[in-house]
2 protein chains.
Amino acid sequence: MNGSSTDPAEGSEQPDAREEIMRATYHILCAEGYAGLTMRAIATEAGTSKSLIHYHYDTKDDLLLAFLDRFIDRLDKFLAEIQAETDDHEARLVAFLDRFVVDPDEDERQSFWRALLELRLRAAHDEEFRDQLEANNEAIREALTEIIAEGIDDGAFREVDSRATADLILDALEGARTRQATLGTDDAPLGTHESVREHVVSDLLV
Amino acid sequence: MNGSSTDPAEGSEQPDAREEIMRATYHILCAEGYAGLTMRAIATEAGTSKSLIHYHYDTKDDLLLAFLDRFIDRLDKFLAEIQAETDDHEARLVAFLDRFVVDPDEDERQSFWRALLELRLRAAHDEEFRDQLEANNEAIREALTEIIAEGIDDGAFREVDSRATADLILDALEGARTRQATLGTDDAPLGTHESVREHVVSDLLV
């Protein structure tokens, strides 16, 4: 049930092997999508063997769940950076939003978003993936909720339902990324980012 | 290139045959997704033969492009209804938004949204489908842009970039539908609909 947190390589003598496998997974997902993600393809990309990958991850699903789980840790790091950078609540909010803007020439990030959508469609029929992807989504939404709630507490933002506002912002940014990655509307994320600032962020400011 | 508008059955003695095929296509897409959409499955669902379907549509792709194209006509009808119903610009805008709220128990509409996402992912690599899906998307965005622009012209809404505001609203509503249909966050469309009203629509009112 919880393949994403069991890690047979804990304390292994090769701390970078899993890192390399995760990096390879990202590149295969971007280049080939979920359909192209085989243990063999990951091994080739990582310059290792299928058996070494199986030493670290029992199945491809275990590997993929662990891959998705890592994004939650990365998000925590990113949030700590934002907190350290500035005390200004609006600046923190905008720094968070900036992360979601994908430029037209960032082909890899667009490919990755398509791969994530593929995984999400699979998740509709697969409880384990749905739980993991929901945990990822929840972590992002909680992070933005927290930024908004802190702004309200400090009197920088007006009283709003911080979670509902975070959902609105993230749904808009994710909708724009989907439009860009599937219909080729290159400037969708930047345009919607600007509109979020104009209509939602400015509406928050006291 | 333009398989969606060539129609071999124009003036046919069976005006309802295509209607029945389109209805069957919708049901197969909802029940089986794009992968399950075969001419045979459509024929069975429509209670007709594969050869009759081929009489109307050369290929499955022609059929699917025609299916998508019909949504543009339907949108025009829906807009005419809204226009006829009320002169109030806020009421027209809200009536438009209401259309995008999918209740948790509307399983078929959620399945259909997943099928559309599958088609969108395919569109990333298929120019003909991308053109059709972009035309559909563009029609919806132009319709909402028009509603907002008319409100501005009549002095009911403040001066904003009507297209950018329409994009923000639709990205948010589409993002919420994707979240609902893939992660099972049942109340996402209703919640985001309410937030759009609170933050964006109320911000438009003069």
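On a predicted model such as this, the values are computed, not experimentally measured, just so you know.

1. Some remarks on the overall build of chain A
On a plain count of helices and strands, chain A comes out with nine helices and zero strands. Summarising its shape, the C-alpha atoms of chain A cover approximately 60 × 40 × 30 Å along the three principal directions. Each of the 206 residues in chain A was classed as buried or not, and the buried ones make up 52%. Look at the contacts in chain A between residues 6 or more apart in sequence, and 65% of them connect residues 24 or more apart. Taking the 21 positively charged and 47 negatively charged side chains of chain A as two groups, their mean positions are separated by 5 Å.

2. Some details on the interface of chain A and chain B
By a widespread convention, an interface's size corresponds to the accessible area lost as its parts come together. Listed as interface residues are 38 residues of chain A and, on the opposing side, 38 residues of chain B. Counting each side, the surface lost to burial between chain A and chain B is near 3000 Å², with a carbon and sulfur contribution of 62%. Taken as a group, Leu121, Leu183 and His199 of chain A account for 23% of the area that chain A buries against chain B, more than any other trio of residues on that side. At the junction of chain A and chain B, the tally comes to four salt bridges. For aspartate 167 of chain B, the salt bridge is made with arginine 179 of chain A, and the minimal N-O distance between the two is 4.0 Å. Across the contact surface, chain A and chain B share ten residue pairs in polar contact (both at pLDDT 80 or more). Among the elements of the structure, α6 (107–123), α7 (127–153), α8 (162–183) and α9 (188–204) of chain A are those that each provide at least two residues to the side of chain A that touches chain B.

3. What about the pattern of salt bridges?
Throughout the structure, instances matching the rule amount to 34 salt bridges over all chains. Its salt-bridge partner being arginine 23 of chain B, residue glutamate 45 of chain B comes within 3.7 Å of it at the nearest N-O pair. Of this pair, glutamate 45 of chain B sits in helix α2 (residues 39–46) while arginine 23 of chain B sits in helix α1 (residues 15–32), and the two are 22 residues apart along the sequence. Judged by its relative accessible area of 34%, glutamate 45 of chain B is partly exposed. Classification of arginine 23 of chain B as partly exposed rests on a relative accessible area of 33%. Here the salt bridges share partners, and the residues they tie into one network are Arg120, Glu138, Arg141, Arg163, Asp167, Asp171 and Glu174 of chain A together with Arg179 of chain B.

4. Focus: the relation of the copies chain A and chain B
What connects the two chain copies is a rotation about an axis and a shift along it. With an axial shift of 0.0 Å and an RMSD of 0.0 Å, the rotation relating chain A to chain B amounts to 180°. The transformation just described matches what one would write down for a two-fold rotation axis. For chain A, the smallest separation between a C-alpha atom and the rotation axis is recorded for alanine 172 of chain A, amounting to 1.8 Å. Taken as a fraction of all interface residues of chain A, those also at the interface in chain B reach 100%, which identifies the copy contact as same-surface.

5. Brief notes about the domain arrangement of chain A
Residue and element names in this part refer to chain A. Partitioning chain A into structural domains gives domain 1 (1–68) and domain 2 (86–204). In this structure, domain 1 and domain 2 have C-alpha centres spaced 27 Å apart. On the side of domain 2, 16 residues touch domain 1, which itself brings 16 residues to the contact. Note on domain 1 versus domain 2: buried area summed over both sides is about 1400 Å², and carbon and sulfur give 65% of it. Summed over the shared surface of domain 1 and domain 2, the number is one salt bridge. Ionic pairing is found between arginine 122 and aspartate 61, a salt bridge with its closest N-O pair at 3.0 Å. In this structure, the connection of domain 1 to domain 2 is made through five residue pairs in polar contact (both at pLDDT 80 or more). Elements represented by at least two residues in the side of domain 1 that touches domain 2 include exactly α1 (15–32) and α4 (60–85). Residue composition of the side of domain 1 that touches domain 2, by class: ten nonpolar, five polar and one charged.

About the criteria used
Residues numbered from 1 in each chain as written. Chains lettered and ligands numbered in written order. Predicted model: local features only at pLDDT ≥ 70, side-chain atom pairs only at ≥ 80, totals over all residues. Heavy atoms only, no water. Helix = DSSP H or I, 4+ residues; strand = E, 2+ residues; numbered from the N terminus. Buried < 20%, exposed > 50% of the residue type's maximum accessible area, 1.4 Å probe, protein only. Contact = heavy atoms within 4.5 Å. Lys, Arg positive; Asp, Glu negative; His and termini not counted. Charge placed at Lys NZ, Arg CZ, Asp CG, Glu CD. Buried area = accessible area lost by both parts, 1.4 Å probe. Salt bridge = Lys/Arg side-chain N within 4 Å of Asp/Glu carboxyl O. Polar contact = N/O pair within 3.5 Å; in protein donor to acceptor, adjacent residues only side chain to side chain. Least-squares fit on C-alpha atoms with pLDDT ≥ 70 in both. Domains from an automatic or database assignment. Nonpolar A, V, L, I, M, F, W, Y, C, P; charged D, E, K, R; others polar.

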